[in-house]
Each structure stands twice: as C-alpha cells, then as structure tokens.
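# Residue-level structural notes
Residue strings, one per chain:
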Amino acid sequence: MINKPNKSVINPFFLFFLQVLVLAGCSSVPKRPPEVFTVQSMADTLIGQANKEADQANFAEALRMLDEAWRLAVTTDRPALRIRVNLARASTLYSLGRVAEAERIWRGAEIEGEFSGEPTLASAARVFRARSLLLAGRADPEETLFLVQNEQGKLKQDNMLYAVSWTVKGLAEKELGMYSEAEKSIMNALSIHTKDNYLEQAGYDWYLIASIRSVAEDYQGAMEALDRAIDFDRRAENTFGLAMDWAARGDVFFKVGNSGAANMSWRRSGEIFRAMDKEAMAGEVESRIVQVDRQR
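Criteria and cut-off values
- Residues numbered from 1 in each chain as written.
- Predicted model: local features only at pLDDT ≥ 70, side-chain atom pairs only at ≥ 80, totals over all residues.
- Heavy atoms only, no water.
- Helix = DSSP H or I, 4+ residues; strand = E, 2+ residues; numbered from the N terminus.
- Buried < 20%, exposed > 50% of the residue type's maximum accessible area, 1.4 Å probe, protein only.
- Contact = heavy atoms within 4.5 Å.
- Phe/Tyr/Trp six-rings, centres within 6.5 Å; stacked < 30°, edge-to-face > 60°.
- Lys NZ or Arg CZ within 6 Å of the ring centre and 35° of its normal.
- pLDDT = per-residue confidence, 0-100.
- Salt bridge = Lys/Arg side-chain N within 4 Å of Asp/Glu carboxyl O.
- Expected span 1.5 Å × (residues − 1).
- Polar contact = N/O pair within 3.5 Å; in protein donor to acceptor, adjacent residues only side chain to side chain.
- Axes fitted to C-alpha atoms, helices over the stretch in contact; angles between N-to-C directions.
- Left-handed = near helix turned anticlockwise from the far one by under 90°.
- Nonpolar A, V, L, I, M, F, W, Y, C, P; charged D, E, K, R; others polar.
- Parallel < 35°, antiparallel > 145°, perpendicular 65-115°, else oblique.
- Core = buried A, V, L, I, M, F, W, Y, C linked by side-chain atoms within 4.5 Å.

For the protein, the count of helices and strands is 14 helices and zero strands. When the elements of the protein are put in sequence order from the N terminus, they spell out α-α-α-α-α-α-α-α-α-α-α-α-α-α. Counting all 296 residues of the protein, 43% fall into the buried class. Of the contacts formed within the protein by residues at least 6 apart in sequence, a portion of 54% connects residues at least 24 apart.

See below:
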C-alpha cells in the first residue's frame with residue numbers, strides 16, 4: 001500500500017525546484033541583484049528614527065523602535081546590523097536606568113564583533129560603553145582616556161564612530177582638567193560633523209566646547225560657543241538641543257554676575273522644554289530663576 005503524501009508537510013526542495021521551473025519559463029525575467037537589503041533598510045530607518053527620539057530625550061519611544069529594529073536585524077542574521085542596533089539599544093537602556101541590561105548588550109555586541117570579523121564595531125562597543133559610564137560618573141576618566149586612545153585607530157574607517165571616539169576622548173580630558181586638549185578633541189569631532197552636515201551633532205559639539213570653556217573660566221569663549229550651538233540646533237530644528245543651549249547660556253550669565261540675562265535665558269529654556277511637554281525639565285531650569293531672585 002502506498003501512503004499518500006502528507007499535505008501539511010512542505011518540502012523545501014520541491015519549492016525551490018518549482019521556483020526554478022517558473023523562472024526558466026520566463027524569457028524576460030530581469031537579472032536579480034546579488035544581495036537583498038530590504039529588511040536591513042527598514043532596520044536602518046528605525047535606527048535613524050530612534051536616534052532622533054533619543055536626541056530629544058524620548059528614550060522610551062526610542063527603545064520601542066530599537067526593539068523592532070532588533071527583531072528585523074535577527075531575521076537578516078547580518079552581524080554588522082545586529083551590532084549596530086545593539087549599540088543604540090544599550091545606550092538607550094542605560095539612559096533609562098536599565099544599567100544591567102545595557103551592560104549585557106554592550107558586552108554581547110563586543111563579543112559578536114570580535115567573532116564575526118567586525119573589529120571596528122567591537123571597538124565601537126567598548127567606546128560607547130565607556131562614554132555612557134563616563135557621563136554617568138561611573139568611570140575613571142584616566143582609564144577612559146587610555147581605552148579610547150587604544151581604540152581610535154580601529155575606528156578611522158567609519159567617520160561617525162571616529163567622531164564619537166574624539167568626543168569621548170574630549171570628555172575624559174575635560175574631567176582630568178586638560179581643557180586645551182579637551183577642546184581640540186571635540187573640535188576634531190566637530191570637523192567631521194560639519195563636513196558631513198550632521199547639524200545636531202555639530203550643535204552638541206559646540207555645546208561641549210562651551211562647557212569646557214566655562215569650566216576653564218573662559219566665559220566669553222563659552223558664550224561664543226553657545227551662540228554657535230544655537231545656530232546649528234536652529235538649523236537642525238533640534239528642540240531639545242536648543243532648550244539645553246539656552247539653559248547653559250543662563251548658567252554662564254549667572255557666573256559672570258548678569259542675573260537679568262541669566263533669568264531671560266532660563267525662562268526661554270523653560271518655554272522650549274514646556275513646548276516639548278517636558279514639564280520636569282522646564283521646572284528644573286526655571287527653579288534657577290527663583291534662586292537668583294531670592295539673592296536680590
């Protein structure tokens with residue numbers, strides 16, 4: 001007795017053979033591309049959108065997009081895409097206070113980079129982790145500086161990652177009181193961002209330069225840098241960046257004893273934060289106005 005074939009079981013070899021027959025019967029079938037990037041393009045778009053949300057401190061929304069990007073990256077099984085998504089996911093998780101998850105993902109991205117022939121991305125994972133730890137005050141700036149100097153050579157082939165390394169180097173140098181060196185490092189990042197018209201990143205570079213100059217008590221230079229930051233952030237329509245720029249202007253004015261200009265700047269920052277529905281941030285900045293008024 002011959003058993004009837006089980007129709008619920010699909011034979012992949014049969015499907016492949018059927019596709020060959022269909023294509024063979026079409027003389028006008030165009031030449032197919034050697035590689036398909038449809039899903040990768042979708043994931044890349046999500047990464048870009050998530051980065052914009054993160055730049056506006058909308059970390060929960062950014063993480064939602066990145067979780068979907070991760071799902072897509074898994075379906076492609078492309079190591080480089082998997083790592084790039086996870087670099088963004090880890091940074092976002094860290095910003096949300098989910099430190100243990102971020103640490104696990106950074107480590108996983110580093111390992112995958114090393115074992116899948118992506119040394120540049122493995123190096124990026126180490127630098128991204130160092131940046132977040134440094135900004136959170138959980139890293140030794142001297143150790144961070146040493147790490148970045150060791151990794152920079154591996155990142156030169158990717159402009160944006162190379163710029164990140166200069167930023168982290170500058171932040172570490174600032175913490176070590178190496179103000180001249182710190183500004184030069186951020187300027188190196190700035191040259192990359194301005195050349196490629198990354199307006200938001202260039203605005204952030206000028207914001208960092210202003211911070212370095214302010215700590216070094218170069219208040220006039222700090223104000224000039226903030227003017228440049230505001231210019232770039234306006235061109236990029238970077239609302240969060242503008243709110244931060246105006247808050248920093250208020251802080252610098254306050255340091256030089258100009259409480260009227262400080263008040264005006266803090267109020268403007270608060271208006272921008274409130275327009276973004278970020279009431280807590282608006283309240284924090286505007287609380288500085290009260291402190292100034294009480295000193296009169």
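Moving on: the packing of aromatic side chains. Counted under the stated rule, the structure contains five aromatic pairs. With centroids separated by 5.7 Å and ring planes inclined at 50°, the aromatic side chains of tyrosine 94 and tryptophan 106 adopt a geometry described as tilted. Of this pair, tyrosine 94 sits in helix H4 (residues 79-95) while tryptophan 106 sits in helix H5 (residues 99-115), and the two are twelve residues apart along the sequence. Residue classification places tyrosine 94 among the buried positions, given a relative accessible area of 10%. Judged by centre distance (5.9 Å) and plane angle (50°), the rings of phenylalanine 254 and tryptophan 266 are tilted. Of this pair, phenylalanine 254 sits in helix H12 (residues 239-255) while tryptophan 266 sits in helix H13 (residues 259-275), and the two are twelve residues apart along the sequence. Owing to a relative accessible area of 37%, phenylalanine 254 belongs among the partly exposed residues under this scheme. Accessibility expressed as a relative area gives 2% for tryptophan 266, which makes it buried. Over the ring of phenylalanine 128 we find arginine 131, and its NZ or CZ is 4.8 Å from the ring centre.

For the rest of this paragraph, the subject is the confidence of the model for the protein. In the predicted model, the protein carries a mean pLDDT of 89, and the fraction of residues at 70 or more is 85%. For the protein, the element scoring lowest by mean pLDDT is helix H1 (residues 12-24), at 53; helix H11 (residues 219-236) scores highest, at 98.

Our next topic: the side chain of serine 265. Turning to its location among the elements, serine 265 is positioned in helix H13. With residues near it in sequence (within four places) discarded, serine 265 still touches Trp246, Arg249, Gly250 and Phe253.

The next subject is the pattern of salt bridges. All chains considered together, the criterion is met by 21 salt bridges. Between glutamate 103 and arginine 129 there is a salt bridge, and its shortest N-O distance comes to 2.6 Å. Of this pair, glutamate 103 sits in helix H5 while arginine 129 sits in helix H6 (residues 119-135); the two residues are 26 residues apart in sequence, bridging distant segments of the chain. Here arginine 129 falls in the partly exposed class, since its relative accessible area comes to 34%.

Our next topic: unusual backbone geometry. The general pattern is negative phi for most residues beyond glycine and trans for most peptide bonds. Of note in the backbone geometry, glutamate 217 takes a positive phi value of approximately 65° without being a glycine. Its place among the elements puts glutamate 217 in the loop between helix H10 (199-215) and H11. A positive phi angle, near 50°, is found at glutamate 237, a position not held by glycine. One can find glutamate 237 in the loop between H11 and H12. Judged by relative accessible area, glutamate 237 falls into the exposed class, the value being 67%.

Between its first and last C-alpha, helix H8 (residues 159-175) extends 25 Å over 17 residues, near the 24 Å set by a 1.5 Å rise per residue. Counting buried residues in H8 gives 13 out of 17 residues, a clear majority hidden from the surface. Among the residues of H8, the N-terminal cap falls to aspartate 158, whose side-chain oxygen and the backbone nitrogen of methionine 160 are separated by 3.2 Å. Positive backbone phi, approximately 80°, marks glycine 177, located one or two places after H8.

The next subject is the packing of H6 against H8. Across the interface, H6 lies against H8 with an axial gap of 10 Å and an inter-helix angle of 35°. Here the hand of the crossing between H6 and H8 comes out left-handed. On H8, the residues that touch Thr120, Leu121, Ala124, Val127, Phe128, Arg131, Leu134 and Leu135 of H6 are Leu161, Val164, Ser165, Val168, Leu171, Ala172 and Glu175. Each residue belonging to the contact of H6 with H8 can be placed in one class, and the counts come to eleven nonpolar, two polar and two charged.

In this section: the packing of H5 against H6. At their nearest, the axes of H5 and H6 sit 6 Å apart, and the two run at 160° to each other. On the basis of the axis angle, H5 is roughly antiparallel to H6. Relative to H6, the crossing made by H5 is left-handed. Each of Glu103, Trp106, Ala109, Glu110, Gly113 and Glu114 in H5 lies in contact with H6, whose residues at this interface are Pro119, Ala122, Ala125, Arg126, Phe128, Arg129, Ser132 and Leu133. Of the residues in the contact of H5 with H6, the class split is seven nonpolar, two polar and five charged.

Residues Trp206, Ile209, Ile272 and Phe273 are the most contacted members of the largest nonpolar core, which totals 38 residues. Elements represented by at least two residues in this core include exactly H8, helix H9 (179-195), H10, H11, H12, H13 and helix H14 (279-294). The element contributing the most residues to this core is H12, with eight residues. For isoleucine 272, the residues in contact, after removing those within four places along its chain, are Thr239, Leu242, Ala243 and Trp246. In terms of nonpolar packing, the next biggest core, distinct from the first, is built from 26 residues, Ala124, Leu133, Val148 and Ile192 among them.

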